[in-house]
Amino acid sequence: MAVRIERIQNDIERINKFNATPEKGITRLTFSEQYQGAIGYVTDELKYIGAKISYCPGGNIKASLAGSDDNGPAVMMGSHLDTVMHGGRFDGVVGVVSALEAARIIVEEKIAHRRPIDIVVFAEEEGARFNWGLLGSSIWTGKLDLTRLSAIKDTDGVTYAEAMVRAGFEVSDASLLEPQKLRAMLEVHIEQGAVLEKRGYRIGLVEAIAGIQHLDITIIGRADHAGTTPMDDRSDALQAAARIITAVEEIAQKIGSNTVATIGRIACEPGQANVIPGRVKFSLDVRNPNKAILDSTVAAINQAVNDICGKRHLGFEIIPLDTAPPVSLSNEILDLMVEKTRERHVEPLRMISGAGHDSALLADVTETGMIFVPSKKGRSHCPQEFTRLEDIGLGCELLLSTVVALAASSG
Ligand code: HGY
Ligand code: MN
Ligand code: MN
């Protein structure tokens, strides 16, 4: 069962041709023209090997290879094709092309499998268009109600539901992902950190995925003339935001134990050099593998917002957005993947994922496993993101052997 890495390389190149910012990294926003092109390429490749394509709730795609016992629970593999703005060529793509190549080998080599094998592409994993990460998998696993898709909007005011229909993602299989329908979910992904590279491993097997809380924070001050308003008579929203942003870093550093907190986006209104900012809105991304620490970090930041705005007599608004609790992945799948890795005379590293993944939402639906391949210098979510083709090939081989073992087994 040798995967063909020249096909994987070609898949990665073909998918990344669908890119809105060719001069600066990869931008492929959910349901955009670029996204439709990438999905079209992958579904054409899967149709070519005989997979049945379904459009699922939340804009997710499923390509099914029938098993001899086609009504039994399926083995699922895949990842996402949407990107952050100006992102890299490998985040999400590696998981989709690994699943695609594994599916090709299963069909070409006529590898018998009892269970159906589903190749999936989750929509809006990054939240780059609709400001809600893991949205497709949240809907498909029933963690977010379908009605929310008519409320969640992009910056142009287009709802997720409208964008989905406009892009031709009409649902053809409305069933949600439920435990009785799945045997396992497997995702290959780039590590997006430098642990594997620094410690000299080619394969990471994920034991747990850190929890994430996203929020939007708005500071409400008073726009005024920059020249005539004395310094002690201002309600400057940006001065307060600056102190809050500094406090966020201090709180995360003080709490420590793998806490990370990031302000990735900020907007200042009216955004004129000669007007005191009346309103500032910024994003907040807080993560920790431990739920209690994650929650206490968010609470400490909320308190800082309260204190700083209180002292300056400013208003504020804190809107909680998408959240994913820390999850442990399946020990059964982990042990199987350790065995499959060692069969190749490669030693895997068991590790925690600081990055969020759709697999986190599958972990309480079915036995879920993730295979990490190294990221050069740990860089990700940037044009410099890079992973060696031979490492992707090894990750794909592991995925293939694990999926075949799970799909053949009666257990
Ligand atoms: O943000 C994340 O961790 C993932 O890349 N969406
Ligand atoms: Mn990803
Ligand atoms: Mn990502």
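Whatever comes next refers back to the structure up there.
None of these values were measured; they are calculated from a predicted model.

Colleague: Break down the coordination of the manganese ion (ligand 2) for me, with residues and values.
Modeller: Around a metal, the perfect tetrahedron of four donors has angles of 109.5 degrees, and the perfect octahedron of six donors has angles of 90 or 180 degrees. For the manganese ion (ligand 2), the protein coordination sphere consists of His80 (NE2), Asp91 (OD) and His189 (NE2), at 2.1 to 2.2 Å. Sequence positions of the residues that donate to the manganese ion (ligand 2) give the spacing H-x10-D-x97-H. Between the manganese ion (ligand 2) and the manganese ion (ligand 3), both coordinated by Asp91, there is a metal-metal distance of 3.5 Å. Of this pair, His80 sits in strand S3 (residues 74-80) while Asp91 is found in the loop between S3 and helix H3 (93-108), placing the two residues 11 residues apart along the sequence. Each member of the pair, His80 as well as Asp91, is classed as buried.

Colleague: Any chance you could break down the coordination of the manganese ion (ligand 3) for me, citing the residues and the numbers?
Modeller: Here the manganese ion (ligand 3) is held by the protein donor atoms Asp91 (OD), Glu126 (OE), Glu126 (OE) and His381 (NE2), which lie 2.0 to 2.8 Å from it. Spacing between the donor residues of the manganese ion (ligand 3) along the chain follows D-x34-E-x254-H. For Glu126, a relative accessible area of 17% puts it in the buried group. His381 sits in the partly exposed class, given a relative accessible area of 39%.

Colleague: Kindly report on the site of ligand 1, identifying the contributing residues and their values.
Modeller: All residues adjacent to ligand 1 are Asp91, Glu125, Glu126, Arg287, Ala355, Gly356 and His381. Between Glu125 and ligand 1, the recorded distance is 3.1 Å, taken from a side-chain N or O atom to a nitrogen atom. When the residues that make up the shell around ligand 1 are grouped by side-chain class, the tally is one nonpolar, two polar and four charged.

Colleague: I'd like to hear about helix H9 (residues 331-343), residue by residue, with values.
Modeller: Taking 1.5 Å as the rise per residue, H9 with 13 residues should run 18 Å; its terminal C-alpha atoms sit 18 Å apart, in good agreement. Residues Ile333, Leu334, Leu336, Met337, Val338, Lys340 and Thr341 constitute the buried set of H9. Capping the start of H9 is the job of one residue whose side-chain oxygen sits 3.2 Å from the backbone nitrogen of Glu332: Ser330. Of the residues one or two after H9, His345 is the one with positive phi, at around 55 degrees.

Colleague: Residue-level account of the packing of helix H2 (residues 33-48) against H3, with values.
Modeller: Here H2 crosses H3 at 15 degrees, and the two axes come no closer than 10 Å. Considering the angle they form, H2 stands roughly parallel to H3. Note that H2 runs across H3; the crossing there is left-handed. Residue-level inspection shows Tyr41, Val42, Glu45 and Leu46 of H2 in contact with H3, the latter providing Val96, Leu100, Ala103 and Arg104. Looking at side-chain class alone, the contact of H2 with H3 contains six nonpolar, no polar and two charged residues.

Colleague: Can you break down the packing of aromatic side chains residue by residue, with the values?
Modeller: In this structure the tally under the stated criterion is eight aromatic pairs. Relative to Phe169, the ring of Tyr35 lies with its centre 6.1 Å away and its plane at 35 degrees, an arrangement referred to as tilted. Here Tyr35 is found in helix H2, whereas its partner Phe169 is found in the loop between helix H5 (160-166) and strand S5 (182-190), with 134 residues between them in sequence. For the pair shown, Tyr35 and Phe169 are each scored as buried. The interplanar angle of 85 degrees and the centroid separation of 5.4 Å between the aromatic rings of Tyr55 and Phe169 together place this pair among those described as edge-to-face. Residue Tyr55 is located in strand S1 (residues 52-56), and its partner Phe169 is located in the loop between H5 and S5; the two are separated by 114 residues in the primary sequence. Residue Tyr55 is classed as partly exposed on the basis of its relative accessible area, which comes to 24%. Take Phe169: its relative accessible area is 3%, and that puts it in the buried class. Ring-pair connections join several aromatic residues into one group, and the members of that group are Phe31, Tyr35, Tyr55, Phe130, Tyr160 and Phe169.

The rules behind each value
Residues numbered from 1 in each chain as written. Chains lettered and ligands numbered in written order. Predicted model: local features only at pLDDT ≥ 70, side-chain atom pairs only at ≥ 80, totals over all residues. Heavy atoms only, no water. Donors = N, O, S within 2.8 Å, 3.2 Å for Na, K, Ca; no water. Helix = DSSP H or I, 4+ residues; strand = E, 2+ residues; numbered from the N terminus. Buried < 20%, exposed > 50% of the residue type's maximum accessible area, 1.4 Å probe, protein only. Near = heavy atom within 4 Å. Polar contact = N/O pair within 3.5 Å; in protein donor to acceptor, adjacent residues only side chain to side chain. Nonpolar A, V, L, I, M, F, W, Y, C, P; charged D, E, K, R; others polar. Expected span 1.5 Å × (residues − 1). Axes fitted to C-alpha atoms, helices over the stretch in contact; angles between N-to-C directions. Parallel < 35°, antiparallel > 145°, perpendicular 65-115°, else oblique. Left-handed = near helix turned anticlockwise from the far one by under 90°. Contact = heavy atoms within 4.5 Å. Phe/Tyr/Trp six-rings, centres within 6.5 Å; stacked < 30°, edge-to-face > 60°.

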